[in-house]
Amino acid sequence: RSFCFANYRSVHFYLHTMNFTVYSKDGCPFCDKIIQILKLGDFQYVEYKLDEHFSRFEFQEEFGGDATFPQVTINGHKMGGCTETVKYLQEHNMV
């Protein structure tokens, strides 16, 4: 299989134009895990923390009353928690 630099560049550009937003809270191991995965994958992300950037009420209004931490969005699309986000990244060969 030959290596195509043009394909590499387009995939590289696609991966690095994905903007992740992580809504997290202190003391959450799944929050720490998804941040670590995003760092290792060299993804662009912003982390917002409960009681620092948003309230629990705002979190529940945005993600639903039964939503758990973390919640992750990619370019504004709600992905779900850590498990769902990792699954998505694996299915698309991004990690």
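Conventions used here
Residues numbered from 1 in each chain as written. Predicted model: local features only at pLDDT ≥ 70, side-chain atom pairs only at ≥ 80, totals over all residues. Heavy atoms only, no water. Helix = DSSP H or I, 4+ residues; strand = E, 2+ residues; numbered from the N terminus. Buried < 20%, exposed > 50% of the residue type's maximum accessible area, 1.4 Å probe, protein only. Contact = heavy atoms within 4.5 Å. Areas by Shrake-Rupley, 256 points an atom, 1.4 Å probe, with all protein chains shown as cover. Pairing = 2+ DSSP bridges. Axes fitted to C-alpha atoms, helices over the stretch in contact; angles between N-to-C directions. Core = buried A, V, L, I, M, F, W, Y, C linked by side-chain atoms within 4.5 Å. pLDDT = per-residue confidence, 0-100. Expected span 1.5 Å × (residues − 1). Arc of directions from axis to C-beta.

Time to look at the overall build of the protein chain. What the protein chain contains, in helices and strands, is four helices and four strands. Walking the protein chain from its N terminus toward its C terminus, one meets helices and strands in the order α-β-α-β-α-β-β-α. Within the protein chain, buried positions represent 33% of all 95 residues. Sequence separation of at least 24 residues holds for 62% of the intrachain contacts in the protein chain that already meet a minimum separation of 6. Summing over all exposed atoms, the protein chain offers an accessible surface of approximately 6500 Å²; the carbon and sulfur share of this is 49%.

Taken in spatial order, the four strands of this open sheet run E2-E1-E3-E4, and their pairing is mixed. Edge positions in the sheet fall to strand E2 (44-49) and strand E4 (77-80), since each of these pairs with one other strand and no more. Sheet twist, expressed as the mean angle between neighbouring strand axes with direction ignored, is 25 degrees. In this sheet, E2 lies alongside strand E1 (residues 19-24) in parallel orientation, the contact comprising six bridges. Looking across to E2, one finds that Tyr23 is bridged to Tyr48. Along the sheet, helix H4 (residues 82-91) makes contact with E1, strand E3 (71-74) and E4, crossing E4 at roughly 105 degrees.

Core analysis: the biggest nonpolar cluster contains 15 residues, and Phe20, Val22, Ile34, Leu38, Phe43, Val72 and Leu89 have the highest contact counts within it. In terms of residue count, helix H2 (residues 29-40) provides more of this core than any other element does, four residues in total. Look past the residues within four positions of Phe20 in its chain and what remains in contact with it is Leu38, Phe43, Gln44, Tyr45, Val46, Val72, Thr73, Ile74, Thr85 and Leu89. Judged by nonpolar contacts, the second largest core, of seven residues, contains Cys28, Phe54, Phe63 and Phe69.

Attention shifts here to the confidence of the model for the protein chain. Low pLDDT marks stretches whose predicted atomic positions should not be read closely. Residue-level pLDDT values for the protein chain average 87, and 83% of them are 70 or greater. In the predicted structure, residues 1-12 sits below a pLDDT of 50 and forms one contact with residues beyond four places in sequence or in another chain.

Moving on: H2. The terminal C-alpha atoms of H2, which comprises 12 residues, lie 16 Å apart, in line with the 16 Å expected from a rise of 1.5 Å per residue. Among the residues of H2, Cys31, Ile34, Ile35, Ile37 and Leu38 are the ones counted as buried. Taken end-on, H2 shows its buried residues confined to a sector of 160 degrees, consistent with a single buried face. Seen from the buried face of H2, the exposed residues on the opposite side, beyond 90 degrees, are Pro29, Asp32, Lys39 and Leu40. Of the surrounding elements, those touching the buried residues of H2 are E1, E2, E3 and H4. Of the residues trailing H2, Asp42 is marked for its positive phi of about 60 degrees.

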